[in-house]
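This is what each chain is made of:
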Amino acid sequence: MSEHVEWSEPDGPAPAAGAAVTPADAADAARLVSFGLQPKLQPVRDQEYADLLRRYREDPPFARLADAVATGLGLIVLEVSPRAGMAVTAAEDSVFAVRMGDYARRTSADGGDRFLHGLAHLAVAAMAFPRPEDLADDGYIGRVSVNGVDAFVRQACRRLEERADELGENTDPATDAPGLEAAWRIWVRRSATGATKDARRLAGSTTGIVAKAVAFLTDSGFLQRTGDDHGGTYRTTARYQLQVRDMAGSAAMAELLELGVVPVTDGTPTLLPAEESDDLELVADAGLPFHSS
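All of these numbers come straight from a predicted model, not from anything done at the bench. Per-chain numbering applies: the sequence of each chain, read as written, is numbered from 1 onward. The model is predicted, so local features are restricted to residues of pLDDT at least 70 and side-chain atom pairs to those at 80 or more, both for listing and for counting; the totals for chains, interfaces and linings are taken over all residues. In computing side-chain properties, one takes all heavy atoms of the structure into account and sets aside hydrogens as well as water.

## Some words on the overall build of the chain
Stated formally: Starting at the N terminus, helices and strands are each numbered in turn, a helix being any DSSP run of H or I of at least four residues and a strand any DSSP run of E of at least two. For every residue, the accessible area obtained with a 1.4 Å probe (protein chains only) is divided by the maximum for its type, and the residue is called buried under 20%, exposed over 50%, and partly exposed between those limits. Only the protein chains shown count as cover for residues, with accessible areas throughout obtained via the Shrake-Rupley method and a probe of 1.4 Å.
Scanning the chain from terminus to terminus reveals 11 helices and 5 strands. Relative to its full complement of 293 residues, the chain shows a buried share of 46%. Roughly 14,400 Å² of accessible area belongs to the chain as shown, and the carbon and sulfur atoms make up 52% of that amount.

What follows is the structure in structure tokens.
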């Protein structure tokens, strides 16, 4: 293991472009893909991983072989670089695909709460990268907090309620109504923290749901925890930026951002003031990885 790997110093010459693929080459390609499936593993801390990444970048036949191995496993290669490693995401039919129903079962959420868990993940992505240029900038780091995400969703809910009132549609949504129109009623009715005497956060509260979302993203190598303030503060990783890029065109995320709840001035996401909220602002140093069931 090595703390710092120099990318400019290859260990040896790459195999000739016309060389036949050997079982050892196939094993190395599969090994690289296996590293990509360990999202918390950093190339700068693993010499073998760094060497295989370098080979991928310098040896086109090996790169094609690794891509083929990933494709055979139902994986989509998002990027191969020193900053992200071999970043892969699962195609819908892949054995590695995580579905919202599976995630909800992990969090002990009943069927009625699955939609809220999905909305929490959507909100984290929207707050972390509120502008197209944030997603395009490899150096951009998004920062979020649990309480900040909850406040963001509640502010979005207020915007949706106001819009429904203006259109005279503040009734139960039709079956073909946009997902967020149906969501705000559910989220605003849920307690932010729960009903315990000491205001401890309950799993079924909205901050509890957001906390589960960011914990899952942290375990998956998409976020890094940076502090305990405001329910927990987190920063994004290169892998999460790639994941959000992959889902940025979704209708639900576009609808959420169009509400204008997250104005951005200096590149740091900020939150419009929320009513009756003294503890919900974002703190410095704070995609959906799912397929539909």
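## Digging into unusual backbone geometry
As a rule of thumb, non-glycine residues mostly have phi less than zero, and peptide bonds are mostly trans rather than cis. Non-glycine residue His230 carries a positive phi angle of around 55°. Assignment of secondary structure puts His230 in the loop between β4 (223–227) and β5 (233–236). The buried category is assigned to His230, whose relative accessible area is 17%.

## Looking at the nonpolar core
Side chains of a nonpolar character, in soluble globular proteins, are inclined to be buried together. Threshold: Nonpolar cores were defined as sets of buried Ala, Val, Leu, Ile, Met, Phe, Trp, Tyr and Cys residues, with membership established by side-chain atoms within 4.5 Å.
Residues Val124, Val149, Trp187 and Tyr240 are the most contacted members of the largest nonpolar core, which totals 33 residues. Of all the secondary-structure elements, those providing two or more residues to this core are α5 (111–128), α7 (146–166), α9 (206–219) and α10 (238–247). Tallying contributions element by element places α5 first for this core, with 10 residues. Formed by 19 residues, the second largest nonpolar core is a distinct cluster that contains Tyr49, Phe62, Ala70 and Met86.

## Re the environment of Ala126
Tracing the backbone through its elements, the reader meets Ala126 in helix α5. Under the relative-accessibility criterion, Ala126 is labelled buried at 0%. Taking the C-alpha atoms as reference points, Ala126 and Gly142, separated by 16 residues in sequence, lie 9.8 Å from one another.

## Quick notes on the packing of aromatic side chains
Inclusion rule: Stacked, tilted and edge-to-face are the three classes assigned to paired rings of Phe, Tyr and Trp, where Trp is represented by its six-membered ring and a pair needs centres within 6.5 Å; plane angles under 30 degrees give stacked, over 60 edge-to-face, the rest tilted.
For the coordinates displayed, the defined rule picks out 4 aromatic pairs. On the numbers, 4.8 Å between centres and 25° between planes, the contact of Phe35 with Tyr49 is stacked. Of the two residues, Phe35 is situated in helix α1 (residues 23–36) and Tyr49 in helix α2 (residues 47–58); the sequence distance between them amounts to 14 residues. Here the two residues Phe35 and Tyr49 agree in accessibility, since each one is buried. Aromatic side chains Phe129 and Tyr240 sit 6.0 Å apart centroid to centroid with 45° between the ring planes, which places their arrangement in the tilted category.

## Description of the packing of α1 against helix α3 (residues 60–72)
To be explicit about the condition: Lines fitted to C-alpha atoms define the axes, with helix axes restricted to the stretch in contact, and inter-axis angles between N-to-C directions lie between 0 and 180 degrees. Should an angle fall under 35 degrees it is taken as roughly parallel, and over 145 as roughly antiparallel, whereas 65 to 115 is taken as roughly perpendicular and any remaining angle as oblique. When the near helix sits turned anticlockwise from the far one by under a right angle, the crossing is termed left-handed; a clockwise turn instead gives a right-handed crossing. Two residues qualify as a contact provided that any one of their heavy atoms is within 4.5 Å of a heavy atom in the partner residue. Residues are grouped as follows: nonpolar covers Ala, Val, Leu, Ile, Met, Phe, Trp, Tyr, Cys and Pro; charged covers Asp, Glu, Lys and Arg; every other residue, Gly included, is treated as polar.
In the contact formed by α1 and α3, the axes pass within 9 Å of each other and the chain directions differ by 60°. It follows that α1 is oblique to α3 by the angle criterion. Where α1 crosses over α3, the handedness of that crossing is right-handed. Facing α1, whose interface residues are Asp25, Ala26, Asp28, Ala29, Ala30, Leu32 and Val33, α3 presents Phe62, Leu65, Ala66, Val69 and Ala70. In terms of residue class, the contact of α1 with α3 is built from 10 nonpolar, no polar and 2 charged.

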